Amino acid sequence: MLTSSSSSCDLFTSSSPPSLHNAFSSFTIPMGKVAGLRIFSRKVKDRSTLKVSSRRAQERVVEEEASSSTMTETRRESLKVSSGEVSPLGVSKLDKGINFALFSQNATSVTLCLSLPQSDKDDSNDDGMINLVLDPSVNKTGDTWHICVEDLPPRNVLYGYRIDGPGEWQQGHRFDPSIVLLDPYAKLVKGRSSFGHSSQTFAQFYGTYDFESSPFNWGDDYKFPDIPEKDLVIYEMNVRAFTADESSGMDPDIGGSYLGLIEKIPYLQDLGINAVELLPVFEFDELELQRRPNPREHMVNTWGYSTVNFFAPMSRYASGEGDPIKASKEFKEMVKALHSAGIEVILDVVYNHTNEADDKYPYTTSFRGIDNKVYYMLDPDNQLLNFSGCGNTLNCNHPVVMELILDSLRHWVTEYHVDGFRFDLASVLCRATDGSPLSAPPLIRAIAKDSVLSRCKIIAEPWDCGGLYLVGKFPNWDRWAEWNGMYRDDVRRFIKGDSGMKGSFATRISGSSDLYQVNQRKPYHGVNFIIAHDGFTLRDLVSYNLKHNEANGEGGNDGCNDNHSWNCGFEGETGDAHIKSLRTRQMKNFHLALMISQGTPMMLMGDEYGHTRYGNNNSYGHDTALNNFQWKELDAKKQNHFRFFSEVIKFRHSHHVFKHENFLSKSEITWHEDNWHNPESKFLAFTLHDGVGGRDIYVAFNAHDYFVKALIPQPRQGKQWFRVADTNLESPDDFVKEGVAGVADTYNVAPFSSILLQSK
């Protein structure tokens, strides 16, 4: 995930309260049509008065009279309302109307703001946003505010809340009744109509609903792929970046959308992966960097780690103009199509922070203005804690916030049929309300034990920006898997030829038993990866010694400095044939190591053709070819680089010796090694024994800069060795799935190369 400045993850606190008025609090909504609806200007000083024709508590007729110094006419609306129901939170349909329920423990005043669909009458002087002030004696139960409104349209109503409460900044409150706030439980969100258009930087986010459309048809023959974790090959990808480039050949209305991904499913099948891990697809604020003058204001947050709402799919990933109802339907179509192709859908979810920034540059859209003290972690001075590196930290183990997160996860499973979640900066979810680490975090346990989530893969990124590094120690209840950051670092270091790494490399590729062989944990609870969205691409890992992040606007201070990369002799792009050949070899070495390792492999979109970001290892803010999948580049590499990557993935699928349910026993692996303690030894060979079909696998990695003559062990009686892979050879000889006979008793393994033999 990205941070406001990756060069520092120090906690930020503010000693003096800046103005609560952000861009929205001083922004007057223009008269006229907004997103197909007509609303009128209202300034902070305006106050609505409600005339009640009946005093009955359960049923009132509310007449709003809105006045404004900017308007010469008055609009009057009559709506029939009742006290409503306390649950569920958000919007729900009752027999007598539409129910709205909102939690706020510290609010003293709540006003429901409604904007109705445009009528046939086009009279700008008669436009208006309807404000319904909730009476706490009638519309509040405990800490939940609620109201039922009759005769509302069944869809396309926009809504939000104005909330007031204690004004003491030093007590942790951030109430501002001038701002229309987004409901945390809104299932659909109406925001910008187009992705990344700076003309819409300050567009308002509203909740909306759809109680009119028919339920989505998943089909009579629909079924979940239900792939065992040990069999997964995960492909980390960005929905927009996958097809946004014109090289995808798609209509501009489809490119970069959920439907665009559907069009490319045959390609994913050809590659051989069986699970996609989608970078954030909750409604997010891609223009967060453009709200004020700053060195990064030229960038668009295309990765999506700026969550606005935890229930609504990203509306601007819909085809054509961003529409929340269409986005919901097309997301389901995408999941259905992926499942039909045997591919599971895992979501990268960001419950560690929101888009609402810090106390220095507050940006209030929802949680902060609803109940800051409940939703965010505060220090003893009631200022925001920052364990996320993004200005705020969600108060995940507060009972109310915990239930919000659980409700969100269940919603994505029941409504959208997703198969699992990868939790960004999951160590944040292991902190108490004061930020201190918890050994048994209630939220982590609840997720592991929840019946609705029981079929889901749950994967932690086991660290945060506060230094809580939990790789191999993440509270797990034998359910949670982890991104294995130690696998990434150790494999990178061995393959590039660092001294003293052979033992660590052996431990990692054999399942990281030092980390995960505890209680009932399995090898597949370690998600092995060499490359992820943040950091170098695979091509850049072998092309750059240093990061080159100048385009990010922070003087190169952002992004990680410890990349364990090697440029193979020249920094960046080069025409040198020897260096290019070495880089190709190294990329194949990394991929082969990943796919023969015990555990769950994950690769990054684009590495299968050698995508480059030209040394930028923190490219979150570039909605360009820097991040976008380059389909012409793929075409150029289809018969060599891509072919090798795809064939290795498929070879893993067809050989159970790479996918053991339990940690390897001595009878299942033989290490051909008597030089473990020599730090200068950079050659490792081993045999994985096939106890079922007798088709053993021999693998050797040579990270020396010279040839190593390897002694090949005798195969089982009646068998002989076939060469399947040799990364030193050109395509198609570098990988021959049926194998090439004639392997002798020794094999000259080339410098910086690897081989794979199979006995048959």
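- Looking at an unreviewed UniProt entry, the protein carries the name Isoamylase 3, chloroplastic isoform X2, with the source organism given as Camelina sativa.
- Quoted verbatim from the Sequence similarities (unreviewed entry) field of the UniProt record, the comment on the protein reads "Belongs to the glycosyl hydrolase 13 family."
- Quoted verbatim from the Subcellular location (unreviewed entry) field of the UniProt record, the comment on the protein reads "Plastid, Chloroplast".

## Observations regarding helix 14 (residues 641–653)
And then number 1: For helix 14, built from 13 residues, the straight-helix expectation of 18 Å at 1.5 Å per residue is met to within 8% by its first-to-last C-alpha distance of 19 Å.
And then number 2: Where helix 14 is concerned, the buried positions are His-641, Phe-642, Phe-644, Phe-645, Ser-646, Glu-647, Val-648, Ile-649, Phe-651 and Arg-652.

## Describing the packing of aromatic side chains
Two measures describe an aromatic ring pair: the distance that separates the ring centres and the angle between the ring planes.
And then number 1: Following the criterion strictly, the structure yields 49 aromatic pairs and no others.
And then number 2: Seen in terms of ring centroids, Phe-100 and Tyr-159 are 5.2 Å apart; in terms of plane orientation they differ by 65 degrees. Their pairing is edge-to-face. In this pair, Phe-100 is assigned in strand 7 (residues 97–103) and Tyr-159 in strand 12 (residues 158–164), connecting sequence segments 59 residues apart. With respect to burial, Phe-100 and Tyr-159 carry one shared label: buried.
And then number 3: Seen from their ring centres, Tyr-351 and Phe-423 are 6.1 Å apart, and the 35 degrees between their planes marks the pair as tilted. With Tyr-351 in the loop between strand 17 (344–349) and helix 5 (367–375) and Phe-423 in strand 18 (residues 420–423), this pair connects stretches of sequence that are 72 residues apart.
And then number 4: Here the basic side chain of Lys-187 rests over the ring of Phe-311, its NZ or CZ set 4.9 Å away from the ring centre.
And then number 5: We note Lys-638 situated over the ring of Phe-642; from NZ or CZ to the ring centre the distance is 5.3 Å.

## Regarding empty space enclosed by the protein
And then number 1: Within this structure, the stated rule accounts for 7 cavities of 30 Å³ or more.
And then number 2: By volume, the largest cavity is sized at about 150 Å³.
And then number 3: Asn-238, Leu-604, Met-605, Arg-613 and Asn-627 are the residues nearest the centre of the largest cavity, which is lined by 18 residues in total.
And then number 4: Looking at the lining of the largest cavity residue by residue, the class counts come to 8 nonpolar, 8 polar and 2 charged.
And then number 5: In this structure, the second largest cavity is lined by Ile-530, Ile-531, Leu-538, Phe-590, His-591, Leu-594, Met-602, Met-603, Leu-604, Asp-607 and Phe-645.
And then number 6: The set of elements that each furnish at least two residues to the lining of the second largest cavity consists of helix 12 (577–596) and strand 22 (600–604).
And then number 7: Class assignment of the residues belonging to the lining of the second largest cavity gives a composition of 9 nonpolar, 1 polar and 1 charged.

## A closer look at the side chain of Asp-690
And then number 1: Within the fold, Asp-690 resides in the loop between strand 24 (683–688) and strand 25 (697–702).
And then number 2: Notably, Asp-690 is buried but unbridged: the nearest opposite-charge side chain belongs to Arg-716, and the N-O separation is 6.4 Å.
And then number 3: Side-chain polar atoms of Asp-690 contact the backbone nitrogen of Val-692, separated by 2.9 Å.
And then number 4: With sequence-adjacent residues up to four places away left out, Asp-690 is seen in contact with His-656, Val-657, Arg-695, Asp-696 and Arg-716.

Rules behind the numbers
- Residues numbered from 1 in each chain as written.
- Predicted model: local features only at pLDDT ≥ 70, side-chain atom pairs only at ≥ 80, totals over all residues.
- Heavy atoms only, no water.
- UniProt positions renumbered as here; feature names shortened; annotations may be inferred.
- Helix = DSSP H or I, 4+ residues; strand = E, 2+ residues; numbered from the N terminus.
- Expected span 1.5 Å × (residues − 1).
- Buried < 20%, exposed > 50% of the residue type's maximum accessible area, 1.4 Å probe, protein only.
- Phe/Tyr/Trp six-rings, centres within 6.5 Å; stacked < 30°, edge-to-face > 60°.
- Lys NZ or Arg CZ within 6 Å of the ring centre and 35° of its normal.
- 1 Å grid on protein atoms, 1.4 Å probe; cavity = no way out; pocket = protein on both sides within 12 Å on 5 of 7 lines; lining within 4 Å.
- Points joined across faces, edges and corners; volume = space filled by probe spheres on them.
- Nonpolar A, V, L, I, M, F, W, Y, C, P; charged D, E, K, R; others polar.
- Lys, Arg positive; Asp, Glu negative; His and termini not counted.
- Salt bridge = Lys/Arg side-chain N within 4 Å of Asp/Glu carboxyl O.
- Polar contact = N/O pair within 3.5 Å; in protein donor to acceptor, adjacent residues only side chain to side chain.
- Contact = heavy atoms within 4.5 Å.

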